[in-house]
Amino acid sequence: MINLIDYLWAYAEKHGIRCIWLDGSPDEEPYSRITKYNTKEILVNINWKHANLLPFKLGHIIGHLEHNDKHLNEELLKFDRDTIEKNADLYAAGLISGYALKNGLNFMTYRELYCNFGIPLYLLNC
Ligand SMILES: [Zn+2]
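These remarks concern the structure in this document. (Residues numbered from 1 in each chain as written. Predicted model: local features only at pLDDT ≥ 70, side-chain atom pairs only at ≥ 80, totals over all residues. Heavy atoms only, no water.)

**Digging into the coordination of the zinc ion**
We count it as follows: Note that water is not among the atoms considered, so a metal site may appear incomplete; the donors listed are N, O and S atoms within 2.8 Å of the metal, with 3.2 Å applied to Na, K and Ca. Donor angles set the geometry label: tetrahedral for four donors if every angle is between 85 and 135 degrees, square planar for four and octahedral for six if opposite donors exceed 155 degrees and the others are between 65 and 115, irregular for anything else. Under the DSSP-based scheme used, a helix requires at least four consecutive residues in state H or I and a strand at least two consecutive residues in state E, with every element numbered from the N terminus. When accessible area is computed with a 1.4 Å probe and restricted to protein chains, residues below 20% of their type maximum are described as buried, those above 50% as exposed, and intermediate ones as partly exposed.
H60 (NE2), H64 (NE2), H71 (ND1) and E85 (OE) make up the full set of protein donors to the zinc ion, lying at 1.9 to 2.1 Å. Considering all four donor atoms around the zinc ion, the spread of angles at the metal, 97 to 123 degrees, places the coordination shape in the tetrahedral class. The sequence motif formed by the donor residues of the zinc ion is H-x3-H-x6-H-x13-E. With H60 in helix α2 (residues 54–67) and H71 in the loop between α2 and α3 (78–102), the pair connects residues that are 11 residues apart, well separated along the chain. Look at H60 and you get buried, because its relative accessible area is 5%. Here H71 falls in the partly exposed class, since its relative accessible area comes to 36%.

**What about α3?**
Count 3.6 residues to each turn of an α-helix, and residues three or four apart come out pointing the same way. Cut-off, in case you're wondering: To estimate the expected span of a helix, subtract one from its residue number and multiply by 1.5 Å.
When the terminal C-alpha atoms of α3 are compared, their 36 Å separation across 25 residues agrees well with the 36 Å that a helix rising 1.5 Å per residue should span. At the exit of α3 stands G104, carrying a positive phi of roughly 65 degrees.

**Thoughts on the pairing of strand β3 (residues 40–45)**
The cut-off we apply is this: When DSSP locates at least two bridges between a pair of strands, those strands are taken to pair.
Judged by how many residues are buried, β3 sits mostly within the fold: six of six residues are covered. Residues K40, I42 and V44 line one face of β3 and the alternating positions E41, L43 and N45 line the opposite face, and both faces are buried. Pairing between strand β1 (residues 17–22) and β3: six bridges, direction parallel. Its bridge partner being in β3, I20 is matched across the sheet by L43. As paired strands, strand β2 (residues 31–34) and β3 are joined by four bridges and run antiparallel to one another. The partner of R33 across the bridge, within β3, is E41. Following β2, the chain reverses through five residues before pairing antiparallel with β3; N38 in that reversal takes a positive phi of roughly 70 degrees.

And the structure:
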């Protein structure tokens, strides 16, 4: 998982997204922000209680930043918000699948790949 996190971290930085480790409470999940200088940042809590979901969450946030949209944007209609969330999920699944392919990690099925990396299985039907 560490190598995957490093991979996603490097991917983000290559796309102009700054990643910063935080020493937060276990409930504080990773999140993004745009600084006053228009820099995209992801703040990653090193103590987050769902560490096994961190790669997918990182990929999801990168997806939002790359699409220039917001996570769970309450200003949007539910349908639009759900579409944006699904697109961020697909972005994360694509990044992680790419990592597995580039590193020769072999899985018999996508289901196995998704389960291994904490990718939601509903994406198999998209
Ligand atoms: Zn989201």
